[in-house]
Amino acid sequence: MRICRNISLKPYNTFGLEYMADTMIHVRTEKEAKALFNGELSWKKPLLILGGGSNILFTGDFSGTILFPAFSRIKFEEHKNEHVIVSAGAGVEWDKLVEWTVRMGFGGLENLSGIPGNVGAVPVQNIGAYGSEVKDYITKVRTISTTDGKVRVFSNDECRFGYRTSVFKKSEKGKYLVTRVYFKLDLNFKPNLNYGSLNEEVDRLGQPTLRNVRIAIINIRQRKLPDPKVIGNAGSFFKNPVVSRIVAEKLLKSFAGLPLFDDPSGNKKLAAGWMIEQCGWKGWRIRDAGVHEKQALVLVNYGNATGKDIFDLSEKIRISVKDKFEVNLEREVEVTGTI
Ligand SMILES: Cc1cc2nc3c(=O)[nH]c(=O)nc-3n(C[C@H](O)[C@H](O)[C@H](O)COP(=O)(O)OP(=O)(O)OC[C@H]3O[C@@H](n4cnc5c(N)ncnc54)[C@H](O)[C@@H]3O)c2cc1C
């Protein structure tokens, strides 16, 4: 266990915001985590579990304890007919795991290539991209209760996954530290190329192999999304709103060209980025907070923005989308601190 005091959060959030934390504890083993939560060790509340900080907006200094799970190791667990089970510690970088599965010839996670962050946050958020959601591959999630230090294993059903959400973001928020995630992957790889320009991008590379799908996804992402190492951002700031078919049809009558997608719930998903662009925000900049010039769903820090600057901009965007489309945008990024 490593305990650091008065630590800058700048390297720990992809917006690159310069705030301080009182205490940061790096835990490397379940034994260490248990000792923190079963009362053996004392620490200052509130608690924030932090992975790669790629889905968080800090709006001020954090006066409490930041827990950084550093559980490493990718493990091959078992081989079951056409499938394999693999697991990864919460501290493993997500894309390192995806790269490994592609190298091993295990299909499933390739469409989720290039997403920043660590394995521990993946079930919290139920990450998704290019027609794929991680919930379809997770078999179970091993956790430690932050209230008594006991191990609890959540089955896929118990995680109650939804669009960019799970039980860990709702009723059990902050109550469990994810330590290890288990995935069921395919030995008979079936490419999923139905999303946008993915098929053409793979075609340009040759056969639809696991490796080519991964390269294609990374190429598309690099063209569309700003690199947080260059411009601070946390990917999509808002979720794509899901509305009833009736509301969707009404909107389409007023706004020709409104992109609509089928949602597994039977409702329709709207493209939040398109709506934000229609409100004139694409490429907008207020001091150092801005809306990315290629992707209106991504808010950026050009260098010296504060968390409040970015939050205020996001509120202006939310209000203008509500005024124009009568649709509420919900944040995908988690705001931490007072606003
Ligand atoms: C350029 C860019 C592109 C992105 N593209 C996508 C995309 O295509 N699809 C997508 O879904 N997301 C995307 N994201 C968002 C982000 O990468 C994901 O949400 C990612 O899973 C967050 O991981 P993290 O480790 O950085 O989590 P953090 O931001 O550190 O934490 C996110 C939440 O998870 C909790 N948490 C983290 N680790 C644990 C743990 N071990 N136990 C319990 N709780 C934990 C935190 O407390 C917090 O509530 C993108 C972000 C960026 C910057």
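No experiment lies behind these values; they were computed from the predicted model shown.

Visitor: I'm lost on helix α1 (residues 30–37) in this one. Help?
Guide: Two residues of an α-helix separated by three or four positions point the same way, owing to the 3.6 residues in each turn. Within α1, the full set of buried residues consists of A33, L36 and F37. Projection of α1 onto a plane perpendicular to its axis shows the buried side chains occupying an angular sector of 85°, all on one side. Just downstream of α1, G39 is the residue with a positive phi angle, here 95°.

Visitor: Sorry if this is basic, but what is going on with the sheet that holds strand β14 (residues 242–243) here?
Guide: Taken in spatial order, the 3 strands line up as β14-β16-β15 in an open sheet, and their pairing is antiparallel. Looking at the sheet topology across the chains shown, the edges are occupied by β14 and β15 (260–262). The pairing of β15 with strand β16 (residues 268–270) spans 3 bridges and is antiparallel. By the bridge assignment for β16, L260 is matched with L270.

Visitor: Can you help me understand unusual backbone geometry in this one?
Guide: Across the chain, the bulk of peptide bonds are trans and the bulk of non-glycine residues have phi less than zero. The omega angle of the peptide bond from K45 to P46 is 0°, so this bond is cis rather than trans. Phi is positive for N6, close to 45°, though the residue is something other than glycine. As for its placement among the helices and strands, N6 is situated in strand β1 (residues 2–8). Overall, the presence of 10 C-beta atoms within 10 Å leaves N6 in the exposed class. For R164, which is not glycine, the phi dihedral falls at a positive 55°. Here R164 lies in the loop between β11 (151–155) and β12 (176–186). Looking at R164, the number of C-beta atoms within 10 Å reads 18, which means it is partly exposed.

Visitor: Please explain the pairing of strand β2 (residues 20–27) as it appears in this structure.
Guide: Looking along a regular strand, one sees side chains alternate from face to face of the sheet. In the sheet, β1 pairs with β2 via 6 bridges, with the strands oriented antiparallel. In the strand pairing of β2, R2 is matched with H26. Where β2 meets strand β5 (residues 62–69), 6 bridges bridge the pair, whose relative direction is parallel. Of the residues in β5, the one forming a bridge with V27 is P69.

Visitor: For this particular structure, what's the right way to read the domain arrangement of the protein chain?
Guide: Accessible area lost upon the coming together of the parts serves often as the stated size of an interface. For the protein chain, the assigned domains are domain 1 (2–69), domain 2 (74–224) and domain 3 (232–336). Inter-centroid distance (C-alpha atoms) of domain 1 to domain 2 is 24 Å. Counting residues at the interface gives 14 residues for domain 1 and 17 residues for domain 2. Those elements that place two or more of their residues in the side of domain 1 that touches domain 2 are α1, β3 (47–49) and β5. Counted by class, the side of domain 1 that touches domain 2 contains 6 nonpolar, 6 polar and 2 charged residues.

Visitor: Mind showing me how you'd approach the site of the ligand here?
Guide: In the region of the ligand, 33 residues are neighbours, and G51, G52, G117, G120 and G235 sit closest. Counting only elements with at least two residues in the shell around the ligand, the list comes to β3, α3 (122–125), β8 (128–129), β12 and β13 (232–236).

Analysis parameters
- Residues numbered from 1 in each chain as written.
- Predicted model: local features only at pLDDT ≥ 70, side-chain atom pairs only at ≥ 80, totals over all residues.
- Buried ≥ 20, exposed ≤ 12 C-beta atoms within 10 Å, placed from the backbone.
- Helix = DSSP H or I, 4+ residues; strand = E, 2+ residues; numbered from the N terminus.
- Arc of directions from axis to C-beta.
- Pairing = 2+ DSSP bridges.
- Domains from an automatic or database assignment.
- Contact = placed C-beta atoms within 7 Å.
- Nonpolar A, V, L, I, M, F, W, Y, C, P; charged D, E, K, R; others polar.
- Near = placed C-beta within 6 Å.

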